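Observations on chain architecture
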Amino acid sequence: MVDARPKLLDGRSVLLVTGKGRIEEKRKVYVFLTRALGAKRVAKAANIELAKNMLEEGQQDWDLVYVDGPEKQAEKFLFGTINGEVDSIVAAGAGKKRKRGDEDEQSLILGALLEQ
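My aim in this report is to walk through the structure given alongside it, one point at a time. (Residues numbered from 1 in each chain as written. Predicted model: local features only at pLDDT ≥ 70, side-chain atom pairs only at ≥ 80, totals over all residues. Heavy atoms only, no water.)

Some remarks on helix α4 (residues 71–79)
What α4 keeps buried is the set Glu71, Ala74, Glu75 and Leu78. Within α4, the buried residues cover an arc of 100° as seen down the axis, which keeps them to one side. Of the exposed residues in α4, the ones pointing more than 90 degrees away from its buried face are Gln73 and Lys76. A positive backbone phi angle near 85° is found at Gly80, which sits one or two residues after α4. (Buried < 20%, exposed > 50% of the residue type's maximum accessible area, 1.4 Å probe, protein only. Helix = DSSP H or I, 4+ residues; strand = E, 2+ residues; numbered from the N terminus. Arc of directions from axis to C-beta.)

Brief notes about the environment of Gly11
Mapped onto the elements of the fold, Gly11 is located in the segment before β1 (13–17). Distance in space between the C-alpha atoms of Gly11 and Asp63 is 9.4 Å, their sequence separation being 52 residues. Not counting the four nearest positions on each side in its chain, Gly11 is found in contact with Gly38, Lys40 and Asp63. (Contact = heavy atoms within 4.5 Å.)

Quick word on the nonpolar core
Counting eleven residues, the largest nonpolar core is built from Leu15, Val17, Ala43, Ala45, Ile48, Ala51, Trp62, Val65, Val67, Ala74 and Leu78. Mapped onto this core, the elements with two or more residues apiece are β1, β2 (41–45), α3 (48–57), β3 (64–67) and α4. Filtering out sequence-adjacent residues up to four positions away, Ala43 remains in contact with Val14, Leu15, Leu16, Met54 and Trp62. Grouped together as the second largest cluster of nonpolar side chains are eight residues, Leu9, Val14, Ala39 and Tyr66 included. (Core = buried A, V, L, I, M, F, W, Y, C linked by side-chain atoms within 4.5 Å.)

Notes on a nonpolar patch on the surface
On the surface, Val29, Phe32 and Leu33 cluster together to form a nonpolar patch covering roughly 290 Å² of accessible area. Exposure remark for Leu33: the relative accessible area of 43% places this residue in the partly exposed category. (Patch = residues over 30% accessible without salt bridge, like charges linked within 9 Å, V, L, I, M, F, W, Y side chains within 5 Å. Areas by Shrake-Rupley, 256 points an atom, 1.4 Å probe, with all protein chains shown as cover. Salt bridge = Lys/Arg side-chain N within 4 Å of Asp/Glu carboxyl O.)

Points about the pairing of β1
Burial within β1 is extensive, with five of its five residues counted as buried. Judged by which residues are buried, β1 turns out to be covered on both faces: Ser13, Leu15 and Val17 on one side and Val14 and Leu16 on the other are all buried. Here β1 pairs with β2 via five bridges, running parallel. Across the sheet, the residue bridging to Val14 is Val42, located in β2. (Pairing = 2+ DSSP bridges.)

Topic: the side chain of Arg27
With respect to the helices and strands, Arg27 occurs in the loop between α1 (21–26) and α2 (28–36). With a relative accessible area of 15%, Arg27 lands in the buried category. Those residues within four positions of Arg27 in sequence are excluded, and the remaining contacts are Val17, Thr18, Gly19 and Asp68.

Some thoughts on the pattern of salt bridges
According to the stated counting rule, one finds four salt bridges in the structure shown. Between Arg27 and Asp68 there is a salt bridge, with its nearest N and O atoms 3.0 Å apart. Remark: Asp68 occurs in the loop between β3 and α4 and Arg27 occurs in the loop between α1 and α2; sequence separation between them is 41 residues. Asp68 sits in the partly exposed class, given a relative accessible area of 34%.

So this is what it looks like as structure tokens:
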């Protein structure tokens, strides 16, 4: 049944900031769900500093970065500016609201609108 449905992250690469210890244990489900949603590549960083290093090294391109925290703060730390146009941050609880009538074109995943 799951395989028959369209995958929201189909073909995307996702970098997850998972934390350490108990927090990482609680966020294991994020890794599972990211893979279940069709991501082609999933990697974990223990903290936002390590995620920034992974982005700056540029050995691999990332479509999405998941940070469990305020979107604008994460964007500023990771990319150095807040421009409102970067759609590569997915932050829990700090997202944009979906307008009525957009249901056919976009999906809301933990605060980020993704084109289908």
